[in-house]
Amino acid sequence: MAKKIKQIAIYGKGGIGKSTTTSNISAALSTMGYKVMQFGCDPKGDSTNTLRDGSYIPTVLDTLREKSKVNARDVIFEGFNGVYCVEAGGPAPGVGCAGRGIITAVQLFKQQRIFEELDLDIVIYDVLGDVVCGGFAVPVREGIAEHVFTVTSSDFMAIYAANNLFKGIHKYSKSGGALLGGVIANSVNAGYSKEIIDDFVKQTNTQVMEYVPRSVTVTQSELQGKTTIEAAPHSEQAKIYKGLAEKIGNHTDSKTPSPLEIAELREWAAKWGEHLLRLEQQNIPQDKLAVNS
Ligand code: ADP
Ligand code: MG
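This write-up is about the structure you can find in this document. Computed from a predicted model, the values in this text were never measured in an experiment. Each chain has its residues counted from 1, following the order in which its sequence is written. All chains are assigned letters beginning at A, and all ligands numbers beginning at 1, according to the order in which they are written. Given that the model is predicted, a residue must reach a pLDDT of at least 70 before its local features are reported, and side-chain atom pairs must reach 80 or more before they are shown or counted; all residues, however, enter totals for whole chains, interfaces and linings. Excluded from the side-chain calculations are hydrogens and water; all other atoms, namely the structure's heavy atoms, are used.

1. Concerning the sheet that holds strand β4 (residues 84-87)
Hydrogen bonds between backbone groups are what pair the strands of a sheet, and the pairing can be parallel or antiparallel. Between any two strands, pairing holds if DSSP finds at least two bridges. Strands are runs of DSSP state E lasting at least 2 residues, helices are runs of H or I lasting at least 4, and numbering of each runs from the N terminus. Strand order in the open sheet formed by eight strands is β3-β4-β2-β5-β1-β6-β7-β8, with mixed pairing between adjacent strands. Here the strands that pair on one side only, and so sit at the sheet edges, are β3 (77-78) and β8 (208-212). Bridge analysis of strand β1 (residues 6-11) against strand β5 (residues 122-126) gives five bridges, and the strand direction is parallel. When the bridges of β5 are listed, Ala 9 appears paired with Tyr 125. Residues count as neighbours in contact if any of their non-hydrogen atoms are within 4.5 Å of one another. Lines are fitted to the C-alpha atoms to define the axes, a helix being fitted only along its stretch in contact, and any angle between axes, read from their N-to-C directions, falls within 0 to 180 degrees. Where helix α6 (residues 156-172) meets the sheet, it contacts β1, β6 (147-152) and β7 (179-186), and its direction lies at approximately 165° from that of β6. Relative to β8, helix α10 (residues 236-250) is tilted by about 170°, and along the sheet it contacts β1, β5, β6, β7 and β8.

Put into structure tokens, the structure is as follows:
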């Protein structure tokens, strides 16, 4: 019997650290012996470049515009430690739906049975989370991915995007859509940012997979065009990414989250706003704002 391929999607607001986190997870999983494909679904096509020494690969949609018949192998490129890299790409600016690339690429791979041929263990979709176009919901809605993770910081707009994602997951959960594995807390350094995210996951009946600090090691690695797993494999940050990758590799049970209504979310945020203001008035340094961390 063919083995089951684990398909997961990582969502989050633009610029929040999805591609950085995803690439480090892919790289870490590959070092643990998993056969991994990272499937970039951002129309910018920049998901996989730190797996390929900072170089950009041709996208599926660009390739389809040039050739009428595309072989799946034309759009799959090997990166660090054998990780397979794909970029769905986007439509020509101003025309068409950006989700088109995801649908087209997935269909192409299905027809050519490429996941089976490559004997993959895990496919990770790196998806833009401000779901403005239905196309981005594809990995969730169509049940392409089974488990969804979201990257968020403690910033309100990032949490707002995560909550919107939860709404989407909730909506499609009864019709075979993907369920939520958990939240990846990124750029948590100040104590209060951990507390805000902890409270948000409690409110929405979800869980934190890992707290990833903002780290100059990530910046240095990115400037070299590499993941932290490749550029600084023995660093503290690499250890954190490896721990996260292991949890994701072993993850089996995802759930339907309980998103907050917009009024509830506003009220929740306002409470945190007042709390932080009070702490500031007591002159507690920002990084010591934590009550108990
Ligand atoms: P996204 O894919 O969500 O748009 P990226 O992964 O491209 O975001 O990250 C945006 C920027 O933030 C990048 O320059 C990246 O190096 C940086 N970044 C993300 N996470 C961290 C982190 N934990 N520490 C330091 N820099 C980070
Ligand atoms: Mg990205």
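2. As for the packing of helix α7 (residues 191-203) against helix α11 (residues 262-281)
Running from N to C, α7 and α11 cross one another at 155°; their axes reach a closest spacing of 12 Å. Classed by the angle they form, the pair α7 and α11 counts as roughly antiparallel. Along this stretch, α7 crosses α11, giving a crossing that reads as right-handed. Listed contacts from α11 to Tyr 192, Glu 195, Ile 196, Asp 199, Phe 200 and Gln 203 of α7 are Leu 265, Trp 268, Trp 272 and Leu 276. Asp, Glu, Lys and Arg are counted as charged, while Ala, Val, Leu, Ile, Met, Phe, Trp, Tyr, Cys and Pro are counted as nonpolar; the rest, among them Gly, fall into the polar class. Looking at the contact of α7 with α11 residue by residue, the classes come out as seven nonpolar, one polar and two charged. Oblique is the label for any angle not under 35 degrees, not over 145, and not in the 65 to 115 range, which are roughly parallel, roughly antiparallel and roughly perpendicular in turn. Left-handed describes a crossing in which the near helix is turned anticlockwise from the far one by less than a right angle; the clockwise case is right-handed.

3. Structural notes on the pairing of strand β2 (residues 36-40)
Note on exposure labels: buried denotes an accessible area under 20% of the residue type's maximum, exposed denotes more than 50%, and partly exposed covers the range between, all computed with a 1.4 Å probe on protein chains only. Counting buried positions along β2 yields five of five residues, so the element is predominantly enclosed. Side chains Val 36, Gln 38 and Gly 40 project from β2 onto one buried face, and the interleaved Met 37 and Phe 39 project onto a second face that is buried too. Sheet topology note: the β2/β5 ladder contains five bridges and is parallel. Considered in β5, the bridge of Gly 40 is made with Asp 126. Of the strand pairs in this sheet, β2 and β4 are connected by four bridges, and their pairing is parallel.

4. Things to note about the packing of aromatic side chains
Pairing of aromatic rings covers Phe, Tyr and the six-membered ring of Trp, with a centre-to-centre limit of 6.5 Å; geometry is then stacked below 30 degrees between planes, edge-to-face above 60, and tilted otherwise. One pass over the structure, following the stated rule, counts six aromatic pairs. For the pair Phe 39 and Phe 109, a centre-to-centre distance of 5.8 Å together with 70° between the ring planes defines the contact as edge-to-face. Here Phe 109 lies in helix α3 (residues 100-111) and Phe 39 lies in strand β2, a separation of 70 residues in the sequence. Ring geometry for Phe 166 and Phe 200: centres 5.7 Å apart, planes at 15°, overall stacked. On the criterion of sequence distance, the pair formed by Phe 166 in helix α6 and Phe 200 in helix α7 is long-range, its members being 34 residues apart. Across the pair, exposure class does not vary: Phe 166 and Phe 200 are buried alike. Each residue in the set Phe 39, Phe 109, Phe 115 and Tyr 125 is aromatic and connected to the rest through ring pairs, giving one cluster. Only when the NZ atom of a Lys or the CZ atom of an Arg is both within 6 Å of the ring centre and within 35 degrees of the ring normal do we say a charge sits over the ring. Directly above the aromatic system of Tyr 211 lies the positively charged group of Lys 194, at a separation of 4.9 Å from the ring centroid.

5. Focus on the pattern of salt bridges
Each salt bridge in this description consists of a side-chain nitrogen of Lys or Arg and a carboxyl oxygen of Asp or Glu lying within 4 Å of one another. Under the counting rule described, the total for this entry stands at ten salt bridges. Residue Arg 73 pairs with Glu 117 through a salt bridge whose shortest N-O separation is 2.7 Å. Taken together, the residues span a long stretch of sequence, with Arg 73 in the loop between α2 (60-66) and β3 and Glu 117 in helix α4 (residues 114-117) at a distance of 44 residues. You can call Arg 73 partly exposed: its relative accessible area is 45%. The network of salt bridges with common partners includes Asp 53, Lys 226 and Glu 230.

6. Structural notes on the side chain of Ser 26
Following the sequence through the fold, Ser 26 ends up in helix α1 (residues 18-31). A relative accessible area of 0% places Ser 26 in the buried class. If near-sequence neighbours (up to four positions away) are discounted, Ser 26 is found in contact with Val 36, Gln 38, Leu 51, Val 83 and Ile 124.

7. Side note on helix α8 (residues 216-223)
Along an α-helix, residues three or four positions apart point the same way, because every turn accommodates 3.6 residues. Those residues of α8 lying buried are Thr 217, Val 218 and Ser 221. All buried residues of α8 project into a common sector of 100° when viewed along the axis, lining one side. Relative to its buried face, α8 has exposed residues pointing more than 90 degrees away, namely Val 216 and Leu 223. Lining the buried residues of α8 we find α1, α9 (228-231) and α10. Here a polar contact means two N or O atoms within 3.5 Å. Within protein one must be a hydrogen donor candidate and the other an acceptor candidate, and residues neighboring in sequence count only if both atoms are side-chain atoms. Measuring from the backbone nitrogen of Thr 217 back to the side-chain oxygen at the start of α8 gives 3.0 Å, which picks out Ser 215 as the cap. Comment: arc refers to directions from the helix axis out to C-beta atoms.

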